[in-house]
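# What the coordinates show
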Amino acid sequence: MQATGQQLFIGDTQRRITRHNPGRVPRKPVEQQLVAIVGKLHVWRPAAWPVQGELFTLPIGEVPFRILRDDEPRLAWFAHLEPAVARIGGAKGWSRDVCESVMLTLEAVVATHEAGTPSYSASRVALLADGCKRNVTRTIELLDELGRLDEDRADRLDQWVERNLACLPAGIRADVADWVDVLRHGNPRRRPKSELTWKNYLLQVRPTLLSWSAGYETLREISKAEIVAALETPTPYGGDGHTRLTALRSLFAFLKTRQKVFADPSRRLDRKITRRPEQKIPTRLPASALQAIGQGEYTAATWLIIVLTGHHALGAVHILTLGVEDVDLPNRRFTVQGQLRPLDDLTHQAVQGYLDYRNRRWPNSTNPHLLITQQTAHHEGPVSRWWLRTALRGQEASLDRLRQDRILDEVEATGVRDPLHIAAIFGLRPDTAQRYVDAIHGRHDPTANPAT
């Protein structure tokens, strides 16, 4: 009978001997070992990777994040996965620094798992983050591309909802959670809301729900008087309270369709409560603010944002979603909301200058959006609204007021009361265009006598 066994070592005696720190034992260079191992990779299969069985699994905090020098199975497995970093990184436009950080993180992943692991737990890989050297986000993306990721992390949006509903009674919490779920994912009769919208709905009604939870266990006990009292309370986040009213109506309409309330207390309210306050009339920017913008020194990205806002009156959403393919420099035109717009000399120079900067800074980026940052250059998402608002930080004017000034300038240049013309040029709703026309020409009463 052939004897079998497993070599044991005194704990922690080999931790400092890694492929980066071979120690004082004279051995072949690691590169030669890798070449010899990689030469045999074509006969090995990940499903039957030759590994030495481990006696037990240590906590991830007690495992070295570097591959030990004599750990040939892990060295070979790392050499098998290593080429994918350059291949996938090149396809996604990762910079050299990002590829190096992913390589370091991938080594930590291999070092903390058995060689030939078919799939890696995303929550366990996330524990390897150190804040500077390792890039857990891109490594998880790499493993997902390779089909070796087990996504076992909780949804961040589910966690956000649970945190905001945790302090509510069980009855109210269950009803509100069902309502939020329909807002997020929709149903056969409702389309899902955007993340910004359903989060805003929940944040608007949460203070009201907290006040009701002190005296009620379910929303069936809420009457019209409680709705009126809640609407008369100042909103904690500012605003005119119209979003809070919309959210409460949406919540109780949902409960009524699910037969969780006998009657909808948010219906047939007094017009004095539900009437939306008059919207502010847009005003022109002072000449000093426009002069300060014209005399400033900006980066290529900031100047492009200012030109798109102050010259074409594009809103934040249109600038964020503007893609590289939407800009046609040879034919001097670009597309916004499916409409072609001409590229004048000012806009053409701003776009060309920014594209030159982008190609120098991130030559391999595959992000389809026109504006990118250091964070978004390595994936396909748009830049954030917060980053966009920093374009005029420290200035008297904001992007919203600069856009309003451009629309008012067009109304004044037209010379006649023509809200349809303004709506067509800038893609505005008719009532919004009417507000801009009224700001320049005054309110128009169609029942008044033309002679007066």
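Along each chain, residues carry numbers from 1 onward, in the same order as the chain's sequence is written. Local features in a predicted model are, by the rule used here, given only for residues with pLDDT of at least 70; side-chain atom pairs are given and counted only at 80 or more, and totals for whole chains, interfaces and linings are based on all residues. To obtain the side-chain values, all non-hydrogen atoms of the structure were included, while hydrogens and water were left out.

## Regarding the overall build of the protein chain
Only DSSP runs of H or I covering at least 4 residues are called helices, and only runs of E covering at least 2 are called strands; the numbering of each starts at the N terminus. Across its full length, the protein chain carries 20 helices and five strands. We call two residues in contact when some of their heavy atoms are within 4.5 Å. Long-range contacts, defined as pairs at least 24 residues apart, comprise 67% of the intrachain contacts of the protein chain with a sequence gap of at least 6. Only carbon and sulfur atoms are counted for the fraction: they give 51% of the accessible area of the protein chain, which is about 26,700 Å². Areas reported as accessible are Shrake-Rupley estimates using a 1.4 Å probe. Residue values count occlusion only from the protein chains shown.

## Examining the pairing of strand E5 (residues 339-342)
Should DSSP find at least two bridges between two strands, the strands are regarded as paired. With four bridges connecting them, strand E4 (residues 333-336) and E5 associate as antiparallel partners. Looking at E5, one finds that Thr 335 is bridged to Leu 340. Following E4, the chain reverses through two residues before pairing antiparallel with E5; Gln 337 in that reversal takes a positive phi of roughly 55°.

## Points about helix H16 (residues 345-361)
Under the convention used throughout, the expected extent of a helix is 1.5 Å for every residue step, that is, one less than its residue count. Compared with an ideal rise of 1.5 Å per residue, which puts 17 residues at 24 Å, H16 spans 24 Å between its outermost C-alpha atoms and is within 8% of the ideal. What H16 keeps buried is the set Thr 347, His 348, Ala 350, Val 351, Tyr 354, Leu 355 and Arg 358. Angularly, the buried residues of H16 cover 165° about the axis, an arc narrow enough to put them on a single face. In this structure, H16 carries Asp 345, Gln 349 and Arg 360 as exposed residues pointing more than 90 degrees from its buried face. Those residues of H16 hidden inside the fold are in contact with helix H14 (300-310) and strand E3 (327-328). Each residue gets one of three labels from its accessible area relative to the maximum for its type: buried under 20%, exposed over 50%, partly exposed in between, using a 1.4 Å probe on protein chains only. The arc in question is the one traced by the directions running from the helix axis out to the C-beta atoms.

## Comments concerning the packing of aromatic side chains
Each aromatic ring pair is described using two quantities: the centre-to-centre distance and the angle formed by the ring planes. Note on aromatic pairs: the rings of Phe, Tyr and Trp (six-membered ring only in Trp) are paired at centre separations within 6.5 Å, and the planes decide the class, stacked below 30 degrees, edge-to-face beyond 60, tilted for the rest. Tallied over the full model, the rule gives five aromatic pairs. With a centroid separation of 5.7 Å and an interplanar angle of 80°, the aromatic rings of Trp 160 and Trp 198 are classed as edge-to-face. With Trp 160 in helix H7 (residues 156-165) and Trp 198 in helix H9 (residues 195-213), this residue pair connects regions lying 38 residues apart in the sequence. Since its relative accessible area comes to 15%, Trp 160 is described here as buried.

## Let's talk about the pairing of E4
Covered by surrounding structure in E4 are Phe 334 and Val 336 only, the residues Arg 333 and Thr 335 on the alternate face being uncovered. In terms of strand pairing, E3 meets E4 through two bridges, oriented antiparallel. Looking at E4, one finds that Asp 328 is bridged to Arg 333. Counting the residues in the hairpin turn of E3 and E4 gives four residues, including Arg 332, whose phi is positive at 55°.

## Here's the deal with a positive patch on the surface
A surface patch of like charges, here positive, comprises Lys 224, Lys 256, Arg 267 and Arg 268. Within the secondary structure, Arg 268 sits in the loop between helix H11 (242-257) and helix H12 (271-274). Patch building starts from residues that exceed 30% relative accessible area and form no salt bridge, then joins like charges within 9 Å and nonpolar side chains (Val, Leu, Ile, Met, Phe, Trp, Tyr) within 5 Å. For this analysis, a salt bridge means a side-chain nitrogen from Lys or Arg found within 4 Å of a carboxyl oxygen belonging to Asp or Glu. All tallies of charge rest on Lys and Arg as positive and Asp and Glu as negative; His and the ends of each chain are not included. In this description, the location of a charge corresponds to atom NZ of lysine, CZ of arginine, CG of aspartate or CD of glutamate.

## Notes on the sheet that holds E4
Taken together, the three strands give an open sheet; going across it, the order is E3-E4-E5, and neighbouring strands pair in antiparallel fashion. Each edge of the open sheet carries a strand with a single partner, namely E3 and E5.

## Topic: the packing of helix H4 (residues 96-111) against helix H6 (residues 136-145)
When two helices pack together, their arrangement is given by the angle between the helix axes and by the axis-to-axis distance. For helices, the axis comes from a line fit to the C-alpha atoms of the stretch in contact; other axes are also lines fit to C-alpha atoms, and the angle between any two N-to-C directions lies between 0 and 180 degrees. Interhelical geometry of H4 versus H6 gives an angle of 70° and a closest axis separation of 9 Å. Classed by the angle they form, the pair H4 and H6 counts as roughly perpendicular. Contacts between H4 and H6 involve Val 98, Val 102, Thr 105, Leu 106 and Val 109 on the former and, on the latter, Val 136, Arg 138, Thr 139, Leu 142 and Leu 143. Residues are grouped as follows: nonpolar covers Ala, Val, Leu, Ile, Met, Phe, Trp, Tyr, Cys and Pro; charged covers Asp, Glu, Lys and Arg; every other residue, Gly included, is treated as polar. Across the contact of H4 with H6, the residue classes tally to seven nonpolar, two polar and one charged. Angular relationships are summarised with four words: roughly parallel below 35 degrees, roughly antiparallel beyond 145, roughly perpendicular across 65 to 115, and oblique for the angles in between.

## Some thoughts on the pattern of salt bridges
The final tally for this structure, using the stated rule, is 20 salt bridges. Here Asp 71 ties to Arg 74 by a salt bridge, and the two come within 2.7 Å at their closest N and O atoms. For Asp 71, a relative accessible area of 16% gives the class buried. Note that Asp 345 is salt-bridged to Arg 332, the shortest N-O span being 2.5 Å.

## Describing the side chain of Lys 199
Structurally, Lys 199 can be placed in helix H9. Reaching out from Lys 199, the side chain makes a polar contact with the side chain of Glu 195 at a distance of 3.0 Å. The contact partners of Lys 199, leaving out residues within four places of it in the chain, are Arg 156, Leu 157 and Trp 160. In the analysis that follows, any N or O atom pair within 3.5 Å is treated as a polar contact, provided that within protein one partner can donate a hydrogen and the other can accept it, and provided that, for residues neighboring in sequence, both atoms belong to side chains.

## Quick look at the nonpolar core
With 34 residues, the main nonpolar core has Leu 304, Val 327, Phe 334, Tyr 354, Leu 370, Leu 371 and Leu 388 as its most contacted residues. Looking at this core, the elements that each hand over two or more residues are helix H13 (287-295), H14, helix H15 (316-321), E4, H16 and helix H18 (399-414). Broken down by element, the residue count for this core peaks at six residues, all from H14. The contacts of Leu 371, once residues within four sequence positions are left out, are Ala 301, Leu 304, Ile 305, Ile 319, Tyr 354, Val 383, Trp 387 and Leu 388. Here the nonpolar core consists of buried residues drawn from Ala, Val, Leu, Ile, Met, Phe, Trp, Tyr and Cys, with membership extended through side-chain atoms lying within 4.5 Å. The next biggest cluster of nonpolar side chains, apart from the first, holds 31 residues, and it includes Trp 160, Leu 209, Ala 247 and Leu 251.

## With respect to H18
Spanning 16 residues, H18 covers 23 Å between terminal C-alpha atoms, matching the ideal 22 Å at 1.5 Å per step. Among the residues of H18, those classed as buried are Leu 399, Leu 402, Arg 403, Asp 405, Arg 406, Ile 407, Leu 408, Glu 410 and Val 411. Looking at the buried residues of H18, the elements they touch are H13, H14, helix H17 (385-389), helix H19 (419-426) and helix H20 (430-441). Directly beyond the C-terminal end of H18, a positive phi value near 85° is found at Gly 415.

## A look at the environment of Leu 285
With respect to the helices, strands and loops of the structure, Leu 285 is situated in the loop between H12 and H13. Residue Leu 285 is classed as buried on the basis of its relative accessible area, which comes to 8%. Distance in space between the C-alpha atoms of Leu 285 and Gln 404 is 8.5 Å, their sequence separation being 119 residues. In contact with Leu 285, other than residues within four places in its own chain, are Leu 290, Ala 397, Arg 401, Leu 402 and Asp 405.

These figures come from the coordinates and say nothing about function on their own.
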